[in-house]
Amino acid sequence: MRPRPPATVWIAVAALGVVVALQAALAWFYARGGNVGWWRFAFAIALFAALIAGLVRGSRLAWLWGRFLTLVLGVVMAASVAAGLARHELPVLVAALAIGGVAIPLFAASLALGRPSAHDFFQLVCPACGQQSSFGADFLFRKARCRRCHTEW
């Protein structure tokens, strides 16, 4: 039986929960007005819900996606908001909601999943040499590989 997730994993789950809640609120608000198709928000909600479930279960593949996808999406969101503000096309309230409700939680999730306790929980520490690894030995990341000693576990 896998140990309970550490605080860093729960921080990532809570941060992604904020993103899911905001996406659900936006889906309800914008889809009712007919401005944007509800399926876009539903896809984001489903993606993050699957990611949250995988993180709680201890899936290495969910850790990989949670660690790096959140970082990329956070950068894209921050850049989009900055561009919108620079062109004076984005209201300040919407920008604050996008940064505070999406970009910052995405960055927080990425940072939390990079902590040593998260590596321990997802069994990403080489049993032979103790080096942290984020390198998969197979496509679905069922096995990890150490870059230093090339051990697979």
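(A) Seen up close, the overall build of the protein chain. Counting its secondary structure elements, the protein chain contains five helices and zero strands. Traced from its N-terminal end to its C-terminal end, the protein chain shows the element sequence α-α-α-α-α. By its C-alpha atoms, the protein chain is 55 × 30 × 25 Å across when sized along the principal axes. Looking at the protein chain as a whole, 34% of its 153 residues are labelled buried. Counting only carbon and sulfur atoms, one obtains 68% of the accessible surface of the protein chain, whose full area is about 9,000 Å². For the protein chain, the centre of its 14 positive side-chain charges and the centre of its 4 negative side-chain charges are spaced 4 Å apart.

(B) Here's a closer look at the packing of helix α2 (residues 38–57) against helix α3 (residues 60–86). Packing of α2 against α3 leaves a shortest axis separation of 9 Å and a crossing angle of 135°. Considering the angle they form, α2 stands oblique to α3. As α2 runs across α3, the sense of the crossing is left-handed. Across the interface between the two elements, Leu-47, Phe-48, Leu-51, Gly-54 and Leu-55 from α2 touch Ala-62, Trp-63, Trp-65, Gly-66, Leu-69 and Leu-73 from α3. For the contact of α2 with α3, the class distribution of residues is nine nonpolar, two polar and no charged.

(C) How the structure looks around the pattern of salt bridges. Using the criterion set out here, one finds two salt bridges in the structure. Among the ionic pairs, Glu-89 bridges to Arg-87, the shortest N-O distance being 3.0 Å. Relative accessible area serves as the criterion here: at 54%, Glu-89 is assigned to the exposed category. The partner of Arg-145 in a salt bridge is Glu-152, and the shortest N-O contact between them spans 3.5 Å. Assessed through its relative accessible area of 44%, Glu-152 is described here as partly exposed.

(D) Representation of the environment of Ala-82 in the model. On the secondary structure map, Ala-82 appears in helix α3. Judged by its relative accessible area of 45%, Ala-82 is partly exposed.

(E) Spatial organisation of helix α4 (residues 92–113). Between its first and last C-alpha, α4 extends 30 Å over 22 residues, near the 32 Å set by a 1.5 Å rise per residue. Its maximal kink placed at Ile-99, α4 deviates by approximately 30°.

(F) Highlighting the side chain of Gln-23. Structurally, the position occupied by Gln-23 is in helix α1 (residues 7–33). Leaving out residues up to four positions away in the same chain, Gln-23 has contacts with Phe-41, Ala-44 and Ile-45.

(G) Representation of the environment of Ala-109 within the structure. Note on placement: Ala-109 falls in helix α4. Separated by 59 residues in the primary sequence, Ala-109 and Ala-50 have C-alpha atoms spaced 15 Å apart. Leaving out residues up to four positions away in the same chain, Ala-109 has contacts with Ala-12, Ala-15, Leu-16 and Thr-70.

Basis of the calculations
Residues numbered from 1 in each chain as written. Predicted model: local features only at pLDDT ≥ 70, side-chain atom pairs only at ≥ 80, totals over all residues. Heavy atoms only, no water. Helix = DSSP H or I, 4+ residues; strand = E, 2+ residues; numbered from the N terminus. Buried < 20%, exposed > 50% of the residue type's maximum accessible area, 1.4 Å probe, protein only. Areas by Shrake-Rupley, 256 points an atom, 1.4 Å probe, with all protein chains shown as cover. Lys, Arg positive; Asp, Glu negative; His and termini not counted. Charge placed at Lys NZ, Arg CZ, Asp CG, Glu CD. Axes fitted to C-alpha atoms, helices over the stretch in contact; angles between N-to-C directions. Parallel < 35°, antiparallel > 145°, perpendicular 65-115°, else oblique. Left-handed = near helix turned anticlockwise from the far one by under 90°. Contact = heavy atoms within 4.5 Å. Nonpolar A, V, L, I, M, F, W, Y, C, P; charged D, E, K, R; others polar. Salt bridge = Lys/Arg side-chain N within 4 Å of Asp/Glu carboxyl O. Expected span 1.5 Å × (residues − 1). Bend = angle between axes of the 7 residues up to and from the residue.

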